[in-house]
Amino acid sequence: MNRHSVDVVAVASDPDLAGQSLRRLSWALEQHGVELIVSPGIIEVAGPRISVRPVAGLSLLHLERPSASAGPHLLKSIFDRVAALILITIALPLLAAIALSVKLSSRGPALFKQPRVGRGNEMFTMLKFRTMVLNAEARQAELEEQSDGNTILFKLRDDPRVTKIGAYLRRYSLDELPQLINVLRGEMSLVGPRPPLEQEVAMYAADDTRRMLVKPGLTGLWQVSGRSDLSWDDSVLLDLRYVDNWSMTLDLLILWKTVRAVVKGSGAY
């Protein structure tokens, strides 16, 4: 240790280095003024949920359950709906202008409605401004081989179905503003996992279904961490991290980062 000027020793989860052996190691390091860090072997769980509790002479690691009580979720629901109502009121002229632009730029309705899967696998109709030509969904099959997405999601960076005004709306996520109505209805949250399609949920692995424990969000960790550039595994990892560590503080941080991500327009297509 003196040879390498060690300040900290980190011990990963290892059954061969535990109990009395780990205790003796801590004593030896203490004599040299070296700190000891021990990994609990639990991944993707934030610090506030982990605490050490002494029981019968043992220091036990206690893992709190994710926030599931009615109080925090009621606060989140109230915050979501009040914020959505305020944002809709403020953005009403912008919403009207976008709707008119979409309507005049190409044939079809201004709004695009699509069934999505919400909390507890309940179906709801998600709203967006239409960014593609009218028969876009029917043409997807012929474009599948060109997908820039991942194994579950279909994404095409230069999608020929996207209209000119649609490309601009997508770049700055303006097409998602009507989802504030979904938030106001209680079908979505301002922050949460990406709202999946029914056929995507059908391909979920066992761990992936955990993301359905909370309402899908207008934005989330996926939105501020790469958006369409993320792989499927990375996207699920971020959603599960959010579910396991949700708090109002985390929601506010994600909302702040979302503003920066949208302004830059990175990862959106």
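Everything that follows concerns the structure shown earlier in this document.
How each quantity is defined
Sequence order as written defines residue numbering, which begins from 1 separately in each chain. With the structure being a predicted model, the display of local features is reserved for residues of pLDDT at least 70 and the display and counting of side-chain atom pairs for 80 or more, all residues being used for whole-chain, interface and lining totals. Where side-chain values are given, they derive from all heavy atoms of the structure, hydrogens and water being excluded. The secondary structure listing takes helices from DSSP runs of H or I that are at least 4 residues long and strands from runs of E that are at least 2 residues long, numbered from the N terminus. Remark: exposure states derive from per-residue accessible area (1.4 Å probe, protein chains only) relative to the maximum for the residue type, with buried under 20%, exposed over 50%, and partly exposed in between. Only heavy atoms enter the contact rule, under which two residues are in contact if any of them lie within 4.5 Å. Throughout, the Shrake-Rupley method with a 1.4 Å probe supplies accessible areas, and for residues the shown protein chains are the sole cover considered. Any Lys or Arg side-chain nitrogen located within 4 Å of an Asp or Glu carboxyl oxygen qualifies as a salt bridge. By convention a nonpolar core is built from buried Ala, Val, Leu, Ile, Met, Phe, Trp, Tyr and Cys residues, the set being connected through side-chain atoms within 4.5 Å. Each patch is assembled from residues with relative accessible area greater than 30% and no salt bridge, linking like charges that lie within 9 Å and nonpolar side chains (Val, Leu, Ile, Met, Phe, Trp, Tyr) that lie within 5 Å. Stacked, tilted and edge-to-face are the three classes assigned to paired rings of Phe, Tyr and Trp, where Trp is represented by its six-membered ring and a pair needs centres within 6.5 Å; plane angles under 30 degrees give stacked, over 60 edge-to-face, the rest tilted. Given a helix with a known number of residues, its expected span is that number minus one, times 1.5 Å. Think of the arc as the fan of directions from the helix axis to the C-beta atoms.

Caption draft 1: Spotlight on the overall build of the chain. Broken down by element type, the chain carries seven helices and eight strands. When each of the 269 residues of the chain is scored for burial, the buried share is 39%. Nonlocal contacts in the chain, meaning residues at least 24 apart in sequence, comprise 66% of its contacts between residues at least 6 apart. Within the structure as shown, the chain displays about 15,900 Å² of accessible surface, and the carbon and sulfur contribution to it stands at 58%.

Caption draft 2: Spatial organisation of the pattern of salt bridges. Inspection of the entire model under this criterion finds six salt bridges. Residues D251 and K76 are paired through a salt bridge, measuring 2.5 Å at the closest nitrogen-oxygen approach. Of the two residues, D251 sits in helix α7 (residues 248-264) while K76 sits in helix α2 (residues 70-105), which places them 175 residues apart along the sequence. For the salt bridge of R194 with E200, the shortest nitrogen-to-oxygen distance reads 2.9 Å.

Caption draft 3: Structural context of the environment of I165. Along the chain, the position of I165 falls in helix α3 (residues 164-171). C-alpha of I165 to C-alpha of D175: the two residues are 10 residues apart in sequence and 9.9 Å apart in space. When neighbours within four sequence positions are excluded, I165 is seen to be in contact with S101, V102 and S105.

Caption draft 4: Layout of the nonpolar core. In this structure, I98, L169, L180, L190, Y242 and I254 are the most contacted members of the largest nonpolar core, which totals 29 residues. Of all the secondary structure elements, the ones that give two or more residues to this core are α2, β6 (123-129), α4 (179-185), β7 (189-191), α6 (232-245) and α7. Here the element with the most residues in this core is α2; it accounts for seven residues. Once residues lying within four places of it in the same chain are set aside, the contact partners of L180 are A84, L87, I88, L190 and L218.

Caption draft 5: Structural context of a nonpolar patch on the surface. On the surface, a nonpolar cluster with roughly 490 Å² of combined accessible area is contributed by L74, I78, V82, I86 and I90. When you line up the elements, I90 lands in helix α2. A relative accessible area of 63% places I90 in the exposed class.

Caption draft 6: Seen up close, unusual backbone geometry. Phi at N121 is positive, roughly 65°, even though this residue is not glycine. Counting through the fold element by element, N121 comes out in the loop between β5 (111-117) and β6. Of the residues examined, N121 reaches a relative accessible area of 47% and is grouped as partly exposed. With a phi close to 55°, S173 is a non-glycine residue in the positive phi region. Positionally, S173 belongs in the loop between α3 and α4.

Caption draft 7: Local environment of the packing of aromatic side chains. Applying the stated criterion across every chain yields a total of one aromatic pair. Ring plane angle 55° and centroid distance 5.3 Å describe the contact between Y168 and Y172, whose orientation is recorded as tilted. By relative accessible area, which is 48% here, Y168 ends up partly exposed.

Caption draft 8: Region of the structure containing α6. Taking 1.5 Å of rise per residue, the 14 residues of α6 would be expected to cover 20 Å, and the 20 Å separating its terminal C-alpha atoms lies within 8% of that figure. When you tally the buried positions in α6, you get 10 out of 14 residues, the bulk of the element. Considered for burial, the residues of α6 that qualify are W232, S235, V236, L238, D239, L240, Y242, V243, D244 and N245.

Caption draft 9: Expanded view of the environment of L255. Structurally, L255 is set in helix α7. Residue classification places L255 among the partly exposed positions, given a relative accessible area of 23%. Linking L255 and Q223, residues 32 residues apart in sequence, is a C-alpha distance of 9.7 Å. Sequence-distant contacts of L255, that is, excluding residues within four places in its chain, are made with F79, L190, V191 and T219.

Caption draft 10: Main features of α7. For α7, spanning 17 residues, the distance from its first C-alpha to its last is 25 Å, which sits close to the expected 24 Å at 1.5 Å a residue. Taken residue by residue, α7 has M248, L250, D251, I254, T258, A261 and V262 as its buried positions. Seen along its axis, α7 keeps its buried residues to an arc of 135°; they face one direction. The exposed residues of α7 that point more than 90 degrees off its buried face are T249, W256, V263 and K264.

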